[in-house]
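# Notes for the structure review
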Amino acid sequence: MQTVSQNACFGGVQGVYAHTSAATGCDMTFGLFLPAEARSARVPVLWYLSGLTCTHENSMVKAGAQAWAAKAGIALAFPDTSPRGEGVADDEAFDLGQGAGFYLNATQTPWAPHFRMWDYVTEDLPGLLFSEFALDRERQGITGHSMGGHGALTIAMTLPERFRSVSAFSPICNPTASDWGRKQLSAYLGADEAAWAAHDASLLMGERGFDGPVLIDTGTQDQFIDLLKPETLAHAIAARRQRAEFRMQPGYDHSYFFVSTFMQDHVGFHAEALQR
């Protein structure tokens with residue numbers, strides 16, 4: 001692991017680090033905010049998964065999460081959204097290839113050798129973080145925006161024993177029935193739609209739900225709302241009687257202005273679960 005940068009931030013440290021990933025077979029970069037409490041004890045960690053076209057840097061710089069995480073005494077982990085570099089497959093479209101890993105393990109050519117973001121986010125990067133930094137493995141939460149909201153929800157419902165809480169900003173809720181999903185799932189996983197279901201938050205909610213608190217925020221003026229399909233997840237939550245707060249925020253769009261507006265709510269939501 002290499003230290004790219006470290007900056008004092010709200011009494012703690014905002015770091016950026018690079019390492020060679022066994023999961024993706026290439027070098028990866030991630031951000032990690034450690035609050036002041038990490039100098040003397042292991043602290044809870046909130047994972048933030050970013051959306052299409054983003055790197056580790058977007059949420060780290062724009063979301064304003066460090067101020068609220070410092071007050072709560074929790075760390076923030078900011079993974080990248082895909083493998084990158086020479087020899088890594090890509091596509092001319094913004095919503096496929098580098099920057100669009102969709103938090104799954106690809107099985108199809110040319111994506112399979114490097115696009116193993118599920119393994120990266122759930123095994124490879126956690127293994128590194130918990131061995132190198134003062135993080136408490138028993139107290140983890142996960143959140144994300146757009147494609148990252150999709151990733152946060154599907155990972156949390158698949159690994160419920162790992163996470164105490166899950167939230168999402170403008171998540172892609174029903175990718176098996178959306179153009180933000182069918183295109184990527186068919187490219188990465190092939191034509192067998194049965195393999196797609198494990199990466200659809202609405203289907204997973206109907207099948208298993210989450211044994212913990214859930215918070216979802218989506219803007220009513222989100223320019224991608226027809227692709228996100230929030231109504232499918234809302235219906236699945238209601239049908240399952242899942243403990244959840246599902247909020248449609250009047251006037252807000254898909255931008256980081258929206259994310260930063262409600263970041264305090266989300267960090268506080270996770271802090272309550274993680275500090276319990």
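In what follows, the accompanying structure is described. As the structure is a computational prediction, the values presented were derived from the model and not from experiment.

### Looking at the nonpolar core
- Counting 64 residues, the largest nonpolar core has Phe30, Leu32, Leu129, Leu135, Ile142 and Tyr188 as the members making the most contacts within it.
- For this core, the element with the most residues is helix α3 (residues 117-132), which contributes eight residues.
- Ignoring anything within four residues of it in the chain, the contact list for Tyr188 reads Leu96, Gly97, Ala100, Gly101, Phe102, Leu104, Ala106, Thr107, Gln108, Trp111 and Phe115.
- Within the second largest apolar cluster, 21 residues are counted, among which are Cys9, Ala63, Ala65 and Phe169.

### Side note on empty space enclosed by the protein
- Within this structure, the stated rule accounts for one cavity of 30 Å³ or more.
- In this structure, the largest cavity spans a volume of roughly 40 Å³.
- Every element with two or more residues in the lining of the largest cavity is listed here: α3 and β6 (135-144).
- Its residues assigned to classes, the lining of the largest cavity shows six nonpolar, two polar and one charged.

### A word on the pattern of salt bridges
- The final tally for this structure, using the stated rule, is 10 salt bridges.
- Residues Glu245 and Arg247 are paired through a salt bridge, measuring 3.9 Å at the closest nitrogen-oxygen approach.
- Each member of the salt-bridge network shares a partner with another, and the members are Asp217, Glu245, Arg247 and Asp265.

### Description of the side chain of Ser165
- Turning to its location among the elements, Ser165 is positioned in strand β7 (residues 165-169).
- Among the polar contacts listed, one links the side chain of Ser165 to the side chain of His270, at a separation of 2.7 Å.
- Residues contacting Ser165, with those up to four places away along its chain left out, are Gln140, Gly141, Ile142, Phe210, Pro213, Phe269, His270 and Ala273.

### Quick look at the packing of aromatic side chains
- Evaluation of the coordinates by the stated rule reveals 11 aromatic pairs.
- Between Tyr252 and Phe262, the ring centres sit 5.0 Å apart and the planes meet at 75 degrees, which makes this aromatic pair edge-to-face. Of this pair, Tyr252 sits in the loop between β9 (245-249) and α9 (256-274) while Phe262 is found in helix α9, placing the two residues 10 residues apart along the sequence.
- In this structure Tyr252 comes out as partly exposed when scored by relative accessible area, which is 29%.
- The class for Phe262 is buried, based on a relative accessible area of 9%.
- Among the aromatic side chains, those forming a connected cluster through ring pairs are Phe169, Tyr252, Phe258 and Phe262.

### A word on the sheet that holds β7
- Taken in spatial order, the nine strands make up an open sheet running β1-β2-β3-β5-β4-β6-β7-β8-β9, and their pairing is mixed. Single-partner strands in this sheet number two, and they are β1 (2-9) and β9. Averaged over all pairs of adjacent strands, the angle between their axes in this sheet comes to 20 degrees, without regard to strand direction.
- As paired strands, strand β3 (residues 26-34) and strand β5 (residues 75-78) are joined by three bridges and run antiparallel to one another. From the neighbouring strand, Gly31 faces β5, where its bridge partner is Phe78.
- Against the sheet, helix α2 (residues 65-72) makes contact with β1, β2 (12-21), β3 and β5, and its axis sits at roughly 145 degrees relative to β5, the strand it touches most.

What counts and what doesn't
Residues numbered from 1 in each chain as written. Predicted model: local features only at pLDDT ≥ 70, side-chain atom pairs only at ≥ 80, totals over all residues. Heavy atoms only, no water. Core = buried A, V, L, I, M, F, W, Y, C linked by side-chain atoms within 4.5 Å. Buried < 20%, exposed > 50% of the residue type's maximum accessible area, 1.4 Å probe, protein only. Helix = DSSP H or I, 4+ residues; strand = E, 2+ residues; numbered from the N terminus. Contact = heavy atoms within 4.5 Å. 1 Å grid on protein atoms, 1.4 Å probe; cavity = no way out; pocket = protein on both sides within 12 Å on 5 of 7 lines; lining within 4 Å. Points joined across faces, edges and corners; volume = space filled by probe spheres on them. Nonpolar A, V, L, I, M, F, W, Y, C, P; charged D, E, K, R; others polar. Salt bridge = Lys/Arg side-chain N within 4 Å of Asp/Glu carboxyl O. Polar contact = N/O pair within 3.5 Å; in protein donor to acceptor, adjacent residues only side chain to side chain. Phe/Tyr/Trp six-rings, centres within 6.5 Å; stacked < 30°, edge-to-face > 60°. Pairing = 2+ DSSP bridges. Axes fitted to C-alpha atoms, helices over the stretch in contact; angles between N-to-C directions.

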